[in-house]
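Structure assessment
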Amino acid sequence: MTDVRAPQTDPFDPAAEPGDSPRPGPASPAGGAFGLSGWLRWAWRQLTSMRIALVLLFLLALGSVPGSMLPQQGNNPSGVRQYYASHPALAPWLNHLGLFNVFGAPWFAAIYLLLFASLAGCVVPRTFRLAGSARTLPPRAPRHLARLPRSAEYVTTLPPAEAVETAARVLAGRGFRLRRADSAVPDSAGTEPADAGAWVSAEKGYLREAGNLLFHLALLGVLVSVALGGLFGYKADRLLVQGTTFADTASALDEFHPGRLVTAGDLGPFTITLNRFDASYIASGPQRGQPSAFDAQISYTEQRGGPARTGHLAVNRPLSVDGAKVYLIGHGYAPRFTVTDARGQVVYDAPTPFIAGPSGNFLSEGVVKVPDAQPDQLGFTGVFVPTAVDVGGTLESVFPAADNPVVSLIAYAGDLGTDSGVSQSVYQLDTSGMQRLTARPQVLQPGQSLKLPGGRGTITFTGYVPWVSLAITHDPGQLPALICGIAALGGLLLSFMIRRRRVFVRARAGENGTTVEVGGLARTDASGGFEAEFASLAAELRAACQQGRHPLPEGE
Amino acid sequence: MPSPVLKALPSRVPLSRARRRAVVLAAAVLVAALLAVALVAAFGGGSSGVTYLDSTDTAVLYASGHRPLAPEFSSTTLSGAPMRLSSYRGKVVVLNFWGSWCDPCRAEAPALAAVARHYQPAGVSFLGVDERDSQASAEAFVRNYGVTYPSVGDPSQVIALDFSAVVPLAGTPTTLVIDPSGHIAGAVFESATYSELSAILAKVTGKGG
Amino acid sequence: MPVNVGLGHVSNAFLIAALVIYSLAVVAFAGDFAYGRPRRAAMARGQQAQDRAAALATVGAPGQADQAPAVPDAPAVPEPADAPAADSMPELEVPALRAIREAGRWVLAAVALSLAGATAHAAAVVTRGLAVHRAPWGNMYEFVTALTCVAAVFFLVVLIRYRAWTLGVFVMGAVVLTLGLAETLIYTAAGELVPALQSYWLDIHVTAMTLATGIFFVAAVLGFVYLRVDRYTRRVAAGRAAPGNGIVRRLPGIEQLDRLTYRTIVFGFPVWTFGVIAGAIWADQAWGRYWGWDPVETWAFVTWVLYAAFLHARATAGWRGRRAHYIQLLGFASLIFNILVVQTFIAGLHSYAGVG
């Protein structure tokens, strides 16, 4: 049973669906030779039907679920790798189905594109009709107003024409669009005999359809905005140590996720220097250890050779640079090490970013790789403890600020695995080809050195500097999406709050005076209240008649 | 069976033929646009994961007339001497972007050294651009691999930034071959092999390998 | 500023008081259900007019019209003669207070108790917020407390506006049950002060979601009631149950229940939409992207889509009525799933801006 078959005799809405044009088109494909255009038309009618929209909505919701349950390649690539490791048989199949990148998968795109085609096919013609019907008058008043859902009747001493005119003025005063009995506008019902008696039709609430259409068009706009961002936008991450500069080029970014039509050449050309980063934490009370302020002082140039500007980056306050936005996402500590090798050469002297672990208070872990130490490559795994306290033999950090910084190191020598060409993570040490040099972790205070056994060299912990992690994003669809979202909300409110309703008034002369009948009809009454409105309107109409001759306003 | 009340209320105003056609046309255009977006989105290649380039050609030759001009830079070498790219005008220059932390750079280092040994006597110059490195690590690398040609430091990667405006330079290692007029004639956008580099150099210098 | 422990205790006291008063209100509603004045006739009259409206016009949301069923050619329902001869005017709405009084003592007591309970409940929420110097929906316990308060207040408005006395026992009963469970299972003492660096958009977002959840809570309870009545009606029609079941007779008719639920969701859906937009604004400020298909974001989207499906189902032949309510309940289930499971167990973005 399809929607197509049902004749759409909505008595209210001239904006009927394109599917139910008065032309008696074939309603079912089972009717013999149909032709390609007939099939296409049938398919289009199906697509734009409410039922298919409902099915597509379900599929959209259903399709989103695996995207929230399984790790997704875009958000959580390491999680995907872990899933492969723990489900080696299942993972490739899930990958074939696109379940590790649900929201970029073709089948998901098909669902929402079909949904929006359905929506567009429904909404665009209705927009045209709405524009066309902006001046349409309400229909003629029906003969039997008592059959309408709301009806009222009263008697007045005014003659019928005047009673109707009084009612018309009241209705006009309330904002209704009127159609009077004497207007010469023909209507499609054509052959109606001339009406005896006076009547007036009133209609209100046209904005409801406009709000409805605005909502759906705005959703379309959101989709286009998201597509804009996906095509022309990009997201990138960079960890920046205090005192260093980075240039916005693909090779300088730790992670770069370009949109489909973005190339590396679309980046930049700004540079950012982290001059100073300060973090302060609450020192006492129940919120001890919570951050109270972060301040990253930066200087940046928007063009190569352009003037250097200074600025501040703070949490929740991005910096706009050259069309991109730079966000302060995180921070941490980079302890500084100097390594000399067996030959006495300084082979490493740099701040090394350590990453805070889950135990809190910025207890951080990191790795130092010295691939050019002679004769063997050296590697160190380390823990940086900002405010170190010895708790039963283990070092714990009790406060996130670096009040008592120490570093604990384990040294290795051998083959780091860096020369094979396969990229490794800079935060992980592969010790499979290495020999452990120190039996226990060695704790160093700032300035202290660790002498490696076998004369392999020394490592000195010379201090620390902070680092910040920055997110650089460019999304041309961001502002349009916001505007469309707000427009959608506005359209939604309009369509829910405004009732489309019609009120009819007929007056005929009778024995006791003029009998005035009032009838009312609300098409959509989402928020309720038409009953009350009609009742008060009827009372007001009667009161206006009972006041006697309604005074003519000036100038009429 | 619709009641007489319904019949009295006029309903739709049917669209004229022209209006109907306009509606269908607008809808068709909209659907076509959506489909286009879908196709581009679905088949335009992956945007998840780390992507440095969207080009699959990693070794490139530029025909003369289509060679981008290499941006000028001036910096200091690792040993502290000042250096400008324009001082290499008139010579073929192999410009190699590297870093001691970059594992594919370490893997290509022997091949580069071999190419240098072969072509330096023929008059080709070699220059390294050391990206995002500390002085100590860079010097240790040079010592370790016996690099015979100078490198300039580029810790902020501004030289890479300038070059990425003319060629799709998106990571290390990248090796560019600049002709005597200062234009980029060839490039390898990944770890370079001996055969790739010598093929490019043979073309650019006109001399065989 | 440290937590004001004293105010925290005051908040707890208010909440216990609210729980007790609500329980008494539920008893009063139940008493009205069992012993109150029969009001079926009054409901029927209003219902017929509304059934005619439903027959003639499509009640519904954006979309196509259904085929209008035939208008019953029944004689017009006689309106009570209100004014002298031949005047037939629709009744102006009886003012609320009079309606409550006329509904009987049980209803009077129940409404009074519910109002008192809601006041105590609101006081509990407010004092909790004052105690912890932040919006009082920062953890699961506070969230449940706040949303049940929203649900109770919203339902009271619905109750009085639509004179839906017989629904009181269900909705207030659900509120009591939920609050009781929260008190016993997930109670957390006042604490967890706001991290200094939180954006105010987070507050706006969570507030909107709390409001919307409270409203959808009411809709869900009404949906359950609808399904029970619908099931009973179908069984009667199939001859498998005796008509004249006391409980169902006292409940509002199917159409009215449906309409009430619909209007509740119509109220909540824009609030939820606003909450999603506010969340996107906050996410963009905090993490640099306004939508990243984070699991929490995804499930909020699923919830939105399901409620949108409900609104569409109401305008689709064959999907109105029971099926639409299944969809609505599915939407609420996804909402609860989002709060209970996704936010707690499924790892999402590790927020830097002070959440974790």
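The model shown is predicted, which means the values in this text are computed figures rather than measured ones.

Reading the values: rules and limits
- Residues numbered from 1 in each chain as written.
- Chains lettered and ligands numbered in written order.
- Predicted model: local features only at pLDDT ≥ 70, side-chain atom pairs only at ≥ 80, totals over all residues.
- Helix = DSSP H or I, 4+ residues; strand = E, 2+ residues; numbered from the N terminus.
- Buried ≥ 20, exposed ≤ 12 C-beta atoms within 10 Å, placed from the backbone.
- Contact = placed C-beta atoms within 7 Å.
- Pairing = 2+ DSSP bridges.
- Core = buried A, V, L, I, M, F, W, Y, C linked by C-beta atoms within 7 Å.
- Expected span 1.5 Å × (residues − 1).
- Axes fitted to C-alpha atoms, helices over the stretch in contact; angles between N-to-C directions.
- Parallel < 35°, antiparallel > 145°, perpendicular 65-115°, else oblique.
- Left-handed = near helix turned anticlockwise from the far one by under 90°.
- Domains from an automatic or database assignment.

1. Some words on the overall build of chain B
- Along chain B, the regular secondary structure elements total 6 helices and 8 strands.
- Going residue by residue from the N terminus, the α and β elements of chain B occur as α-α-β-β-β-β-α-β-α-β-α-β-β-α.
- Classification of the 209 residues of chain B by burial places 38% in the buried group.
- Of all intrachain contacts in chain B linking residues separated by at least 6 positions in sequence, the fraction that spans at least 24 positions is 67%.

2. A word on the overall build of chain A
- When its secondary structure is counted, chain A shows 9 helices and 24 strands.
- Looking at chain A residue by residue over its 556 residues, the buried ones come to 47%.
- Considering only contacts within chain A whose residues lie at least 6 apart along the sequence, 64% involve residues at least 24 apart.

3. So, the pairing of strand β18 (residues 406–414) of chain A
- One ladder, built from 9 bridges, connects strand β15 (residues 377–385) of chain A with β18 of chain A; its direction is antiparallel. The residue of β18 of chain A that forms the bridge with valine 385 of chain A is valine 406 of chain A.

4. Considerations on the nonpolar core
- Among the nonpolar cores identified, the biggest contains 252 residues, and Leu57 of chain A, Val177 of chain B together with Ile215, Val218 and Val305 of chain C are the most heavily contacted of them.
- Of the residues forming this core, the biggest block, 18 residues, is contributed by helix α9 (residues 254–287) of chain C.
- Counting residues in each nonpolar core, the second largest holds 34 residues, with Val200, Phe530 and Leu537 of chain A together with Met89 of chain C among its members.

5. Things to note about the environment of arginine 179 of chain A
- Inspection of the secondary structure puts arginine 179 of chain A in strand β2 (residues 177–180).
- Through-space distance from the C-alpha of arginine 179 of chain A to that of proline 139 of chain A is 7.5 Å; in sequence the pair is 40 residues apart.

6. Thoughts on helix α7 (residues 200–237) of chain C
- Taking 1.5 Å per residue as the helical rise, α7 of chain C with its 38 residues ought to reach 56 Å, and the 55 Å between its terminal C-alpha atoms agrees with that figure.
- Two residues or fewer after α7 of chain C comes glycine 239 of chain C, characterised by a positive phi angle close to 80°.

7. A closer look at the sheet that holds strand β24 (residues 514–524) of chain A
Residue and element names in this part refer to chain A.
- The strand order across the open sheet formed by 5 strands is β1-β24-β23-β3-β2, and the pairing between neighbours is antiparallel. Looking along the sheet, the strands with just one partner apiece sit at the ends: β1 (150–156) and β2. In this sheet, neighbouring strand axes are inclined to one another by 15° on average, regardless of whether the strands run parallel or antiparallel.
- Both strand β23 (residues 500–509) and β24 contribute to a ladder of 10 bridges, which runs antiparallel. In the sheet register, valine 505 faces β24, and the bridge partner there is valine 518.
- Where helix α9 (residues 530–546) meets the sheet, it contacts β1, β23 and β24, and its direction lies at approximately 10° from that of β1.

8. Topic: unusual backbone geometry
- Cis peptide bonds are those with omega within 30 degrees of zero, and the linkage from glutamine 374 of chain A to proline 375 of chain A qualifies with -5°.
- Among the secondary structure elements, proline 375 of chain A is positioned in the loop between β14 (364–370) and β15.
- Cis peptide bonds are those with omega within 30 degrees of zero, and the linkage from threonine 172 of chain B to proline 173 of chain B qualifies with -5°.
- Secondary-structure assignment places proline 173 of chain B in the loop between α5 (158–164) and β7 (174–178).
- Look at glutamine 157 of chain B: it is not a glycine, yet its phi comes out positive at around 65°.

9. Details of the packing of helix α6 (residues 168–185) of chain C against α7 of chain C
Residues and elements named next belong to chain C.
- Contact pair α6 / α7: the axes reach a minimum separation of 10 Å and the direction vectors enclose 130°. On the basis of their axis angle, the class for α6 and α7 is oblique. Here α6 runs over α7; the crossing is right-handed. Only Val218, Val221 and Val225 of α7 make contact with α6, whose side of the interface consists of Phe170, Val171 and Ala174.

10. A word on the environment of alanine 487 of chain A
Residue and element names in this part refer to chain A.
- The topology assignment puts alanine 487 in helix α8 (residues 478–497).
- Once the C-alpha coordinates of alanine 487 and glycine 221 are considered, the two residues, 266 residues apart in sequence, prove to be 9.5 Å apart.
- Sequence-distant contacts of alanine 487, defined by excluding residues within four places in its chain, comprise Leu214 and Ala218.

11. What about the domain arrangement of chain A?
- Its domain assignment divides chain A into domain 1 (3–23 + 34–134), domain 2 (145–186 + 195–204 + 499–546), domain 3 (227–330 + 471–485) and domain 4 (332–470).
- Taking the mean C-alpha position of each, domain 1 of chain A and domain 3 of chain A sit 36 Å from one another.

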